[in-house]
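Residues per chain, in single letters:
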Amino acid sequence: MPAVPAPGTEAPSTKLSVVVPCFNEEAVLWRFDSTIRELLGALCIEYELCYVDDGSSDATLNHLRTIAQQHVETTRYVSFSRNFGKESAMLAGLKEATGDAVIIMDADLQHPPELIERMLDLHQLGYDQVIARRTREGDKPLRTALSRLYYRAVNKWVDVELTDGVGDFRLLSRTAVDALTSLPEYNRFSKGLFSWIGFDTVTFDYRNAARQAGETKWRFRSLINYGIDGMISFNNRPLRLAIYTGLSLAGLAVLYVLWLVGAAIVTGITVPGYVTLVAIVVGMGGVQMLMLGLIGEYIGRIYYESKQRPHFLVKETNGHLPRHSPAMAMRVRSEVR
Ligand code: UDP
Ligand code: MG
């Protein structure tokens, strides 16, 4: 529990940065910008909005340029050379943010802006991470059940605590932001990283809102891939599972052979059915492929980490992140070769 400021002491004024990853959000960006500015204006705090255009193919970047011209003092934007994914966009936003507290929000108004005040209040009490956890009210029952099952399974395996409904909508103190941006890994699974850095954390629930406009970028396949990322990003326990599975199968095979030999001694030689044989070959083949895939997944991660490529390339910005320069281009080109 963090130290609560003594009653009567004036809380230091906090500059708030709001980080907003945007990928093809032209339909909702204006509404988001005006809603959030109205709200932050009413709170009478110093703030900045850090938009990250994640390689959108629609008019998102144009909108951002216009917003930045209209609100020069309070808008920073970074535009990527292509779509690098939300994880990279969040990282760029966190690096760009200069505030004492940073809130990460989606551009589609699914994260209710009116919760910002509550987050700031909790931050003033000394919390480094204030997490808004969405309840699953209104979700499809199948999706809710699958999520519950997934989190129960994943928490048995990973070393960090992953909670259902907890996403990227949160306030981070400067300390927490610096901790996150100092983690250099290429494969970023933010849910795990947030949990991994620790610090004083508090969580409260909110009811999820529907997307205001545009469409979700999550397809079923990306959800599955995200799920696998969560399973293997934080430890090598699945590899241990592979060892145990191999050992158990080898043990079963020995027992089976003993049983066959015993049966042959007691009842005489019988002609074994090829069905068993085929079943075993296919079953074992499947298990071996699975284990190979698992090992390959870890090796793939090592491969990507060892390249030490940047998480994103900046095409355009009005902030302080370095733009993709000719020197950088040469480095990237020689890496591609
Ligand atoms: N987003 C992004 N890069 C991507 C996909 C999504 O920056 O490759 C942003 C998107 O613009 C939005 C946020 O991440 O602000 C959440 O995306 P979305 O609403 O599609 O996800 P959902 O709410 O359906 O989980
Ligand atoms: Mg959304």
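Residues numbered from 1 in each chain as written. Chains lettered and ligands numbered in written order. Predicted model: local features only at pLDDT ≥ 70, side-chain atom pairs only at ≥ 80, totals over all residues. Heavy atoms only, no water.

1. Some details on the side chain of threonine 144
Here is step 1 of the chain: If you trace the backbone, threonine 144 turns up in helix H5 (residues 141-157).
Here is step 2 of the chain: Overall, the relative accessible area of 11% leaves threonine 144 in the buried class.
Here is step 3 of the chain: Each residue touching threonine 144, except ones within four places of it in the same chain, is listed here: Arg136 and Asp139. (Helix = DSSP H or I, 4+ residues; strand = E, 2+ residues; numbered from the N terminus. Buried < 20%, exposed > 50% of the residue type's maximum accessible area, 1.4 Å probe, protein only. Contact = heavy atoms within 4.5 Å.)

2. Remarks on the coordination of the magnesium ion (ligand 2)
Expected angles at a metal are 109.5 degrees for tetrahedral coordination by four donors and either 90 or 180 degrees for octahedral coordination by six donors.
Here is step 1 of the chain: Within the protein, the magnesium ion (ligand 2) binds to Asp108 (OD) and Gln110 (OE1); these donor distances fall in the range 1.9 Å.
Here is step 2 of the chain: With a relative accessible area of 3%, aspartate 108 lands in the buried category. (Donors = N, O, S within 2.8 Å, 3.2 Å for Na, K, Ca; no water.)

3. Structural notes on the nonpolar core
Here is step 1 of the chain: If you look at the biggest cluster of nonpolar residues, it comprises 35 residues, and the most contacted ones within it are Leu16 and Tyr51.
Here is step 2 of the chain: Apart from residues no more than four positions distant in its own chain, tyrosine 51 is found in contact with Val20, Cys22, Leu29, Phe32, Asp33, Leu64, Ile67, Thr75, Arg76, Tyr77 and Val78.
Here is step 3 of the chain: Counting residues in each nonpolar core, the second largest holds 24 residues, with Cys50, Phe194, Tyr226 and Phe234 among its members. (Core = buried A, V, L, I, M, F, W, Y, C linked by side-chain atoms within 4.5 Å.)

4. A word on the site of ligand 1
Here is step 1 of the chain: Close contacts around ligand 1 come from 16 residues, with Glu25, Asp54, Gln110, Thr216 and Lys217 the closest.
Here is step 2 of the chain: Contact between ligand 1 and alanine 107: an oxygen atom at 3.0 Å from a main-chain N or O atom of the residue.
Here is step 3 of the chain: Calculation on ligand 1 without its partners gives an accessible area of 530 Å², and the protein chains cover 85% of this total.
Here is step 4 of the chain: Partitioned by chemical class, the residues of the shell around ligand 1 number five nonpolar, four polar and seven charged. (Near = heavy atom within 4 Å. Polar contact = N/O pair within 3.5 Å; in protein donor to acceptor, adjacent residues only side chain to side chain. Areas by Shrake-Rupley, 256 points an atom, 1.4 Å probe, with all protein chains shown as cover. Nonpolar A, V, L, I, M, F, W, Y, C, P; charged D, E, K, R; others polar.)

5. Some points on the pairing of strand S7 (residues 201-207)
Here is step 1 of the chain: Here S7 shows one buried face, formed by Val202, Phe204 and Tyr206, and one open face, formed by Thr201, Thr203, Asp205 and Arg207.
Here is step 2 of the chain: In this structure, strand S5 (residues 129-135) lies alongside S7, joined through seven bridges in parallel fashion. Paired with alanine 132 across the bridge in S7 is phenylalanine 204. (Pairing = 2+ DSSP bridges.)

6. A few points about the packing of aromatic side chains
Here is step 1 of the chain: The full count for this structure, using the stated rule, is eight aromatic pairs.
Here is step 2 of the chain: For the pair phenylalanine 80 and phenylalanine 84, a centre-to-centre distance of 5.5 Å together with 90° between the ring planes defines the contact as edge-to-face.
Here is step 3 of the chain: Residue phenylalanine 80 is classed as buried on the basis of its relative accessible area of 0%.
Here is step 4 of the chain: Pairing phenylalanine 80 with phenylalanine 312 gives two aromatic rings, centres 4.9 Å apart and planes at 5°, and the pair type is stacked. Of the two residues, phenylalanine 80 is situated in strand S3 (residues 75-80) and phenylalanine 312 in the loop between helix H10 (274-307) and strand S8 (314-317); the sequence distance between them amounts to 232 residues. Taken individually, phenylalanine 80 and phenylalanine 312 each receive the classification buried, so the pair is uniform in this respect.
Here is step 5 of the chain: Three or more aromatic residues joined by ring pairs make a cluster, and in this case those are Phe80, Phe84 and Phe312.
Here is step 6 of the chain: Residue placement shows arginine 82 over the ring face of phenylalanine 84; its charged tip is 3.9 Å from the ring centre.
Here is step 7 of the chain: The cationic tip of arginine 118 hangs over the ring face of phenylalanine 204; the distance from NZ or CZ to the ring centre is 4.2 Å. (Phe/Tyr/Trp six-rings, centres within 6.5 Å; stacked < 30°, edge-to-face > 60°. Lys NZ or Arg CZ within 6 Å of the ring centre and 35° of its normal.)

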